[in-house]
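Architecture and fold: a report
Residues per chain are reported as follows:
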Amino acid sequence: MRVCGVDFKSNEANICLVDLSQGLFDVPDCRARKFTITDGASTEQIRLFQRQFFKLMEDYKVDKIIIRERPMKGKFAGSAVGFKMEAALQLIESVECEVFTASEMKESMKRNPIMVSMKEVGLKQFQEPAFQVACAYLNK
């Protein structure tokens, strides 16, 4: 199963593809590491983001999009643009999408901790939360 972990920071969607095959994880090379929207009020930019993301999922044959849940209010609340981007992903009809809660992620990582560094798998530091949510989902 191939999933795409997504972590939203402000107006960016940081992504990481993770493949689980015969009990082994693989992090395939991907042409994109993040998507950015400069104008959250622009309908055209949201649509363009959705089309580009869908094309990436189609090209890499991703089975499911896993979004790291963010609080809606409080100190660590997600941004309005981030929630628009999340909705755009959830509305892609041909790819399944799931929001993975912090408690589910914590429980999965407690049972199966990730014992690899970002450098070892060829990822950038900003992709770590996306990688963690993808691995936690596949280990649940």
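Just so it is clear, the model here is predicted, and its values are computed rather than measured.

On a plain count of helices and strands, the protein comes out with 5 helices and 6 strands. Reading the protein from its N terminus to its C terminus gives the helix and strand order β-β-β-β-α-β-α-β-α-α-α. By the compact-globule yardstick of 14 Å for 140 residues, the protein fits well, its C-alpha radius of gyration being 14 Å. For the protein, the C-alpha atoms occupy an extent of roughly 40 × 35 × 25 Å along the three principal directions. Split into buried and exposed, the 140 residues of the protein put 39% on the buried side. Excluding contacts between residues fewer than 6 apart, the proportion of contacts in the protein whose partners are at least 24 apart in sequence is 66%. Per element, the accessible surface of the protein, about 8200 Å² overall, is 51% carbon and sulfur. Taken together, the 21 basic and 19 acidic charged side chains of the protein have centroids lying 5 Å from each other.

Attention now moves to the environment of Thr 101. Considering the arrangement of structural elements, one finds Thr 101 in the loop between β6 (96-100) and α3 (102-111). On the accessibility criterion, Thr 101 (22% relative accessible area) is partly exposed. In this structure the C-alpha to C-alpha distance between Thr 101 and Val 133, which are 32 residues apart in sequence, comes to 9.2 Å.

Given 3.6 residues per helical turn, the α-helix brings residues three or four places apart onto the same face. Helix length check: helix α5 (residues 128-139), at 12 residues, gives a terminal C-alpha distance of 16 Å against a target of 16 Å (1.5 Å per residue), a fit within 8%. The buried fraction of α5 is high, at 9 of 12 residues. Three or more residues of α5 are buried, namely Pro 129, Ala 130, Phe 131, Val 133, Ala 134, Cys 135, Ala 136, Tyr 137 and Leu 138.

Position of Met 118 relative to the elements: it lies in helix α4 (residues 118-121). Taking the relative accessible area as the measure of exposure, Met 118 reaches 8% and is therefore buried. C-alpha separation for the pair Met 118 and Phe 131, spaced 13 residues apart in sequence, amounts to 8.8 Å. What Met 118 contacts, discounting residues up to four positions off in sequence, is Leu 123, Lys 124, Gln 125, Glu 128 and Phe 131.

Further remarks concern the packing of aromatic side chains. To describe a pair of aromatic rings, one takes the distance between the centres and the angle between the planes. Applying the stated criterion across every chain yields a total of 4 aromatic pairs. A ring pair is formed by Phe 35 and Phe 49, whose centres lie 5.8 Å apart and whose planes are at 75°; its orientation type is edge-to-face. Pair noted here: Phe 35 is in strand β4 (residues 34-36) and Phe 49 is in helix α1 (residues 43-59), with a separation of 14 residues, a long-range link. In this pair, the class of Phe 35 matches that of Phe 49, namely buried. A centroid spacing of 5.2 Å and a plane angle of 50° characterise the contact between Phe 35 and Phe 53, whose relative ring orientation is tilted. Placement of Phe 35 in strand β4 and of Phe 53 in helix α1 is noted, with a sequence separation of 18 residues between them. Like Phe 53, Phe 35 is buried.

On to the pairing of β6, then. For a regular strand, side chains alternate in direction, first toward one face of the sheet and then toward the other. By the bridge criterion, 5 bridges tie strand β5 (residues 64-68) to β6 in an arrangement that is parallel. In the strand pairing of β6, Ile 66 is matched with Glu 98. The parallel pair β5 and β6, bridged by helix α2 (residues 80-90), forms a crossover whose chirality is right-handed.

Of all hydrophobic cores here, the largest spans 23 residues; its most connected members are Val 6, Phe 49, Phe 53, Met 57 and Leu 89. Leaving out residues up to four positions away in the same chain, Phe 49 has contacts with Ala 13, Phe 35, Ile 37, Met 85, Ala 88 and Leu 89. Counting 17 residues, the second largest nonpolar core, distinct from the first, contains Val 3, Phe 100, Val 133 and Ala 134.

Conventions adopted
Residues numbered from 1 in each chain as written. Predicted model: local features only at pLDDT ≥ 70, side-chain atom pairs only at ≥ 80, totals over all residues. Heavy atoms only, no water. Helix = DSSP H or I, 4+ residues; strand = E, 2+ residues; numbered from the N terminus. Rg over C-alpha atoms; globule rule 2.2 N^0.38 Å. Buried < 20%, exposed > 50% of the residue type's maximum accessible area, 1.4 Å probe, protein only. Contact = heavy atoms within 4.5 Å. Areas by Shrake-Rupley, 256 points an atom, 1.4 Å probe, with all protein chains shown as cover. Lys, Arg positive; Asp, Glu negative; His and termini not counted. Charge placed at Lys NZ, Arg CZ, Asp CG, Glu CD. Expected span 1.5 Å × (residues − 1). Phe/Tyr/Trp six-rings, centres within 6.5 Å; stacked < 30°, edge-to-face > 60°. Pairing = 2+ DSSP bridges. Right-handed = clockwise from strand over helix to strand, strands pointing away. Core = buried A, V, L, I, M, F, W, Y, C linked by side-chain atoms within 4.5 Å.

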